Every structure is written in structure tokens, then in C-alpha cells.
Amino acid sequence: MKKPIKHIVSLSGGKDSTAMLLRMLEESMPVDIILFCDTGLEFEAMYRHIDKLEKYVKIPITRLKAPQSFEYMFYEHMPKRKNPNLEGRKGFSWSGPRNRWCTSVLKTRVINRYLKALSKEYTIYQYIGIAADEPNRVREFNYPLIDWGMTESDCLAYCKERGFDWDGLYDIFHRVSCWCCPLQSLEELRKLRRHFPKLWEKLRYMDKHTWRNFLKDYSVEQLEVRFAYEDELLAQGLPIKGKAFFCALKERLKELTI
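In this report, we go over the structure that sits alongside the text.

## Details of the environment of Glu-152
Phase 1 of the analysis: For Glu-152, the location among the structural elements is in helix H6 (residues 152–161).
Phase 2 of the analysis: For the pair Glu-152 and Lys-15, spaced 137 residues apart in the sequence, the C-alpha separation amounts to 7.6 Å.
Phase 3 of the analysis: The contacts of Glu-152, once residues within four sequence positions are left out, are Lys-15, Asp-16, Ala-131, Asp-133, Glu-134, His-174 and Arg-175.
Phase 4 of the analysis: Within the structure, the side chain of Glu-152 is placed 3.3 Å from the side chain of Arg-175, a separation counted as a polar contact.

## Focus on H6
The α-helix advances 3.6 residues per turn, and as a result positions three or four apart in sequence lie on the same side.
Phase 1 of the analysis: The set of residues buried in H6 consists of Glu-152, Cys-155, Leu-156, Tyr-158 and Cys-159. For H6, the arc enclosing every buried residue in end-on projection is 160°, short of the 170-degree limit, so these residues lie on one face. Residues of H6 that are exposed and point over 90 degrees away from its buried face: Ser-153 and Glu-161.
Phase 2 of the analysis: Directly after H6, the chain includes Gly-163, whose backbone phi takes a positive value near 90°.

How each quantity is defined
Residues numbered from 1 in each chain as written. Predicted model: local features only at pLDDT ≥ 70, side-chain atom pairs only at ≥ 80, totals over all residues. Heavy atoms only, no water. Helix = DSSP H or I, 4+ residues; strand = E, 2+ residues; numbered from the N terminus. Contact = heavy atoms within 4.5 Å. Polar contact = N/O pair within 3.5 Å; in protein donor to acceptor, adjacent residues only side chain to side chain. Buried < 20%, exposed > 50% of the residue type's maximum accessible area, 1.4 Å probe, protein only. Arc of directions from axis to C-beta.

What follows is the structure in C-alpha cells.
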């Protein structure tokens, strides 16, 4: 017997998936379930956005969450280590370009588990909010934004026209994801430090209490030294690049090890 169909929108909460959901509904496309997987690491403005969106679309948003928190997996979890040099170390610590454990454990596995259970009774049509100017990320799902030719900037404008502004998050950041992601650019991290000092202090604490460096070339404490030095120079109208800058920065960073 043919299984009934469920049309499922994957909602990250960002501009692209929000624009996709809004336009699907405006064009009377079927939407049965809206999935939001909460890592626990979103900006507070993002949670407010999800609540506001739910009221706007008048469809309950299914909120999923991993059984173990990010903090537990980060600090305490004891995985089987392929690298013998890491044997005995607690927690996954920071993710990296080749080991994005947080995405896998806190989002992908959780969503896949939910969809697998649902697929026993339904044929699943899943819709992913990938914009038309990032097609290199396309895999095997349904991508309405690409079909519509909507770019990332189109998506943001579309959302703002409908009253969604994320309390200004996109006026600060180019992308809005987990606030503590080590895959952010230096410029995004500068903005985090400038606009969200409490989160920046939490990031410093986290980095001091784990074993893997936040970035390949910098710990968070080293970034604090660099950004503070940049602020000093900018206040004096001096450049924050070039050989002289990095030589002076190197000397300041040495003070952390004394």
C-alpha cells in the first residue's frame, strides 16, 4: 500500500530557511511539519525569532533537541578515540573543519532519527533552505530557493519586508549560527566580542577549560590579546595589519606564557 506524503520544512531559523518557509506558504505549497533542531547555542534573538515566526505562520514548530547537551559532549563525554594521543581526554572539545561533531551529534543525528521514525508511516518530502548563490551545498533534497532563483540577499530582504529582523543580528553578522562556532571568521569573532561581551567572556571560560585550541593559530585568550591591541591602535588611527603590527602582536602574545 502506498504511504501518505509528509512535506517537511527544515528550519534553521536563519534568513534562508525562514524565507523558504514564508514563500512556500504564500504560494500555497504543502507544509505539514516544520522542524527546528535546537543546539542550545543560538543567540537569544534567534529563539525570539522562532517564537515570532511560529505565531506568524500559525503552524506549530516541532522543536527537536539532542538527548545530551552541548556542554556535556564538549566537557565530559568520553568517545572512543582513533588517535591514541587523545586517549583519556574528556569531551569532544572544539570542532574543526574536518570534525564538525557538533553538527553531527546535535543536529544531523537528531533530525535523521526523527525522520527515520516518521518514514515508517509516511513518504517524506524534505525542504532545505539553500539559496541560489550557494549551490555547491546541494545534495539530494528539495531546494525551493534555488528553483526560485533567490539569493542570500534576496532572502534577507524578503524576510525584512515581512517584519522579521532578528533584533538586528543580520545587521551585525553575515551569517547567524551557533554563537561559539570556531569556524567563524576573525571579523565575525571581533563582532561577537564587541556586541555580545557576556558571550565573549563565556567563550573565554570555555576555552580555558578544554584541551583543544579554539582556532588553529589562536586560543580565545590570544584572540582577546589581539583584539584588544587592535582596539588600541585603531583609537590612535594606526593600522592593524602589516609586518610591524604582527611583530608587535607576537611580543604581546609571548606575555601570556610568562
